[in-house]
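These are the residues of each chain, in order.
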Amino acid sequence: MGFVIRRAARYGFCSGVRVADIRVRRFAASGRRGAILGQVVHNERVVEDLARLGVRTVESLDEVVEPVVVFSAHGVPPSLHRLALERGLEVLDTTCRFVYDIHHASQRALAAGAHLVFVGNPGHREVIGYTHDLDPDAYHVVHTLADVEAVDWSRYESITVFYQTTLNAEEYEEVVQAIERANPATRRADTICYATKENQAAARELAEGADIDLVLVVGGRHSANTRHLFDICARLKPSHLIQGAADIDPAWLSGANGVGLTAGASTPDYVMDEVEARLIELGGHPPQR
Ligand code: SF4
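Model, not experiment: these values are computed from the prediction.

### Topic: helix H10 (residues 269–281)
Owing to its 3.6 residues per turn, the α-helix brings residues three or four apart onto one side. Given a rise of 1.5 Å per residue, 13 residues ought to cover 18 Å, and the 19 Å separating the end C-alpha atoms of H10 matches this to within 8%. The set of residues buried in H10 consists of Val271, Met272, Val275 and Leu279. One face of H10 carries all of its buried residues, which in axial projection span an arc of 100°. More than 90 degrees from the buried face of H10, the exposed residues found are Asp269, Tyr270, Asp273, Ala277 and Glu281.

Here it is, written out as structure tokens:
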């Protein structure tokens, strides 16, 4: 009998990460030396693969001794582009175009006199990219209701709210509404990425399935969007966040009739295939078509 393995209708690499991954692999194949600032995507397997191909990951520009620095899909503060050029580094910029859209839209809102609010994790590279070069009085980063309650929003003439691209918007509705209540001249920019929304909707649909008893969410330890997928699934069914096939504990599968699979935007397809192959070894089979 065994159990059925069903993948979410959408999962895994988004267009931004797919393009970044291809560009860095193409660069590595050319034999040139470079270093990636921060993980090119938040997935340890991809980072290890690229290191094997000769493109190592570093945490700061000071560590770059190669002639080329790669900026990841999450983007960097504009000042880092200038600093890299001053240091004589060539830049391979794989910043996602949707991240650039937020850089540009937030600059336009600022020029129009708005106070900027970024909903997200202040320590995330994408958010640092938006905020690092700004006057600290020009913006806030908020993550919790307590963050919102600590600010007197009425002192701003107008406010524009931007979301970190990979958030689950529903989780922050209360946070944004609290700002809107405190200052009616608040506008939201719709900046949650299409890929994030699609992966989240498909994960929810998967976990809601009557045929699914357990969900495995595949992704990197530092991937915010993988964590959000896990949160969505865990509210509906027993779920586990795994980095790859080796993390599967066979005991989880005991008594399961259906196992759902989804993956964060930084999970390569081959990792998903390895997870499915391991589940098949453990008695699973894909749904009959
Ligand atoms: S999740 Fe969206 S914004 Fe982030 S890299 Fe992928 S396509 Fe770009």
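From this point, the discussion proceeds with the structure in view.
### Brief notes about the domain arrangement of the protein chain
Assigned domains of the protein chain: these are domain 1 (3–12 + 195–285), domain 2 (15–96) and domain 3 (98–188). Summarising the inter-unit geometry, the C-alpha centres of domain 1 and domain 2 are found 29 Å apart. At the junction of the two partners, domain 1 supplies 13 residues and domain 2 supplies 9 residues. Grouping the amino acids of the side of domain 1 that touches domain 2 by side-chain chemistry returns 4 nonpolar, 8 polar and 1 charged.

### Some details on the sheet that holds strand S11 (residues 239–242)
Reading across the sheet, the 5 strands line up as S11-S10-S12-S1-S13 and stay open at both edges, with parallel pairing between neighbours. The open sheet is flanked by S11 and strand S13 (284–285), the only strands paired with a single partner. For strand S10 (residues 214–218) and strand S12 (residues 258–263), the ladder comprises 5 bridges, and the chain directions are parallel. In the sheet register, Leu214 faces S12, and the bridge partner there is Val259. Along the sheet, helix H8 (residues 194–208) makes contact with strand S1 (3–7), S10 and S12, crossing S12 at roughly 170°. Its contacts with the sheet put H10 on S1, S10, S12 and S13, and the angle it makes with S12 is roughly 165°.

What counts and how
- Residues numbered from 1 in each chain as written.
- Predicted model: local features only at pLDDT ≥ 70, side-chain atom pairs only at ≥ 80, totals over all residues.
- Helix = DSSP H or I, 4+ residues; strand = E, 2+ residues; numbered from the N terminus.
- Expected span 1.5 Å × (residues − 1).
- Buried ≥ 20, exposed ≤ 12 C-beta atoms within 10 Å, placed from the backbone.
- Arc of directions from axis to C-beta.
- Domains from an automatic or database assignment.
- Contact = placed C-beta atoms within 7 Å.
- Nonpolar A, V, L, I, M, F, W, Y, C, P; charged D, E, K, R; others polar.
- Pairing = 2+ DSSP bridges.
- Axes fitted to C-alpha atoms, helices over the stretch in contact; angles between N-to-C directions.

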